Amino acid sequence: MEIKEMLYEGKAKQVFATEDPEIVMVHYKDDATAFNGLKKGTITGKGVINNQVTNFMMQKLEQAGVPTHFVQELNERDTLVKKVQIVPLEVIIRNISAGSFAKRFGVEEGIVFENPTIEYSYKNDDLGDPMINTAQALALKLATPAEIETIRTMAFKVNEVMKTFFAEVGVDLVDFKLEFGRLSDGTIVLADEISPDTCRFWDSKTHEKLDKDRFRRDLGGVEDAYVEMRRRIFGA
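Keep in mind that what you see is a predicted model, and the values were worked out from it rather than measured.

A. The overall build of the protein chain, seen in detail. Helix and strand content of the protein chain: six helices and 14 strands. Rg of the C-alpha trace for the protein chain: 17 Å, near the compact-globule value of 18 Å for 236 residues, within the 12% margin. Judged by the C-alpha coordinates and their principal axes, the protein chain covers about 50 × 45 × 35 Å. Split into buried and exposed, the 236 residues of the protein chain put 50% on the buried side. One finds the centroid of the 31 positive side-chain charges in the protein chain at a distance of 3 Å from the centroid of its 39 negative side-chain charges.

Right, here's the structure in full:
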């Protein structure tokens, strides 16, 4: 498939048009950012791992009945996906207290919730992606009531599938961020990525962090953590 002009460049990915107006190509970079872009760096090999992990998880979720934008992995860094209009709501599911949740509510990290929590943030870099509730999202016409309910249902389904899978490879799925998009016919599908950039992964026994928190918190061993997550997922 012919790859055409770049449509968009974000913190971690580039998106290119193709000869098919309904399909775009995503290129994964090694660039790393944290704290809404205030901290910047490079995680060598991150783009390859995030591309492969994302595509693996998207296909697993498709098999479980969650529609996604995934089409075809082209190579280590490039993947074809369905073109979507991103719903400007970041969806955060939490199974264990960590990060901003622990800080915001003054609790320690590592509290296992009886039921997962869900929260939304308004996807807007200029505003720092502020937290937003359903009523506010409706007031701003970011999504319809039906779309928000679909997104909520799909997000919890994603959590069920991923928690089970990662438990089998010795990893606790602490929390994660999802993004959803509309296809040209309005259908809501899971989009963006699922990777150590967007999820908190802890080793089930040692609680060692195996995700971008190692970059955020200057813990060292960042590349090793990403490689270890790929090893856990693919078994090699």
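Next comes the rest of the write-up.
B. Examining the sheet that holds strand S3 (residues 23–28) more closely. Spatial ordering of the open sheet is given by S1-S2-S3-S7-S6, a layout of five strands whose pairing is antiparallel. Of all the strands in the sheet, just strand S1 (3–9) and strand S6 (70–73) have a single pairing partner and so form its edges. Taking the axes of each pair of neighbouring strands and ignoring which way they run, one obtains an average angle of 30 degrees across the sheet. In this sheet, strand S2 (residues 13–18) lies alongside S1 in antiparallel orientation, the contact comprising four bridges. By the bridge assignment for S2, Met-6 is matched with Phe-16. Each of S3, S6 and strand S7 (78–82) is contacted by helix H1 (residues 46–63), which is oriented at about 130 degrees to S6, the strand it contacts most.

C. Main features of the side chain of Glu-193. Within the secondary structure layout, Glu-193 lies in the loop between strand S13 (188–191) and strand S14 (199–203). Polar contacts involving the side chain of Glu-193 include one to the side chain of Ser-195, which spans 2.6 Å.

D. A look at the packing of aromatic side chains. Per the counting criterion, the structure on display carries six aromatic pairs. The interplanar angle of 50 degrees and the centroid separation of 5.5 Å between the aromatic rings of Phe-56 and Phe-165 together place this pair among those described as tilted. Of the two residues, Phe-56 sits in helix H1 while Phe-165 sits in helix H4 (residues 145–168), which places them 109 residues apart along the sequence. Taking relative accessible area as the criterion, Phe-56 reaches 25% and is therefore assigned partly exposed. For the pair Phe-56 and Phe-234, a centre-to-centre distance of 5.2 Å together with 65 degrees between the ring planes defines the contact as edge-to-face.

E. Structural view of a nonpolar patch on the surface. Taken together, Phe-105, Val-107 and Ile-111 make up a surface patch of nonpolar side chains, about 240 Å² in accessible area. Counting through the fold element by element, Ile-111 comes out in the loop between helix H2 (99–105) and strand S10 (112–122).

F. Focus on unusual backbone geometry. A positive phi angle, close to 60 degrees, is found at Asp-192, a residue other than glycine. Summarising the element assignment, Asp-192 is placed in the loop between S13 and S14. Taking the relative accessible area as the measure of exposure, Asp-192 reaches 15% and is therefore buried.

G. How the structure looks around the environment of Glu-208. Tracing the backbone shows Glu-208 in the loop between S14 and helix H5 (213–216). Overall, Glu-208 belongs to the partly exposed group, its relative accessible area being 42%. Spatially, the C-alpha atom of Glu-208 lies 9.1 Å from that of Ala-225, the residues being 17 residues apart in sequence. Leaving out residues up to four positions away in the same chain, Glu-208 has contacts with Phe-201, Trp-202, Asp-203 and Arg-214.

H. Inspection of the pattern of salt bridges at higher detail. Taken as a whole and assessed by the stated rule, the structure comprises 24 salt bridges. Of the charged contacts in the structure, one is a salt bridge between Asp-197 and Lys-46, with a shortest N-O distance of 2.7 Å. Highlighted residues: Asp-197 in the loop between S13 and S14 and Lys-46 in helix H1, separated in sequence by 151 residues. Between Asp-213 and Arg-217 there is a salt bridge; the shortest N-O distance is 3.5 Å. Salt bridges here are not isolated pairs; linked through shared partners, they connect Arg-94, Arg-104, Glu-109, Glu-119, Asp-175, Arg-200, Asp-213, Arg-216 and Arg-217.

I. Representation of the nonpolar core within the structure. Leu-89, Met-162, Phe-166, Leu-178, Phe-180 and Leu-190 are the most contacted members of the largest nonpolar core, which has 47 residues in total. The biggest single contributor to this core is H4, with ten residues. With near-sequence residues (within four places) excluded, Leu-89 lies in contact with Tyr-120, Ser-121, Lys-123, Ile-132, Ala-137, Leu-142, Ala-143, Ile-148 and Leu-178. With five residues, the next largest nonpolar core counts Val-15, Val-26, Tyr-28 and Val-81 among its residues.

J. Focus on H1. Taking 1.5 Å as the rise per residue, H1 with 18 residues should run 26 Å; its terminal C-alpha atoms sit 26 Å apart, in good agreement. Most of H1 sits inside the fold, with 13 of its 18 residues counted as buried.

What counts and how
- Residues numbered from 1 in each chain as written.
- Predicted model: local features only at pLDDT ≥ 70, side-chain atom pairs only at ≥ 80, totals over all residues.
- Heavy atoms only, no water.
- Helix = DSSP H or I, 4+ residues; strand = E, 2+ residues; numbered from the N terminus.
- Rg over C-alpha atoms; globule rule 2.2 N^0.38 Å.
- Buried < 20%, exposed > 50% of the residue type's maximum accessible area, 1.4 Å probe, protein only.
- Lys, Arg positive; Asp, Glu negative; His and termini not counted.
- Charge placed at Lys NZ, Arg CZ, Asp CG, Glu CD.
- Pairing = 2+ DSSP bridges.
- Axes fitted to C-alpha atoms, helices over the stretch in contact; angles between N-to-C directions.
- Contact = heavy atoms within 4.5 Å.
- Polar contact = N/O pair within 3.5 Å; in protein donor to acceptor, adjacent residues only side chain to side chain.
- Phe/Tyr/Trp six-rings, centres within 6.5 Å; stacked < 30°, edge-to-face > 60°.
- Patch = residues over 30% accessible without salt bridge, like charges linked within 9 Å, V, L, I, M, F, W, Y side chains within 5 Å.
- Areas by Shrake-Rupley, 256 points an atom, 1.4 Å probe, with all protein chains shown as cover.
- Salt bridge = Lys/Arg side-chain N within 4 Å of Asp/Glu carboxyl O.
- Core = buried A, V, L, I, M, F, W, Y, C linked by side-chain atoms within 4.5 Å.
- Expected span 1.5 Å × (residues − 1).

Coordinates in, geometry out; function isn't part of it.
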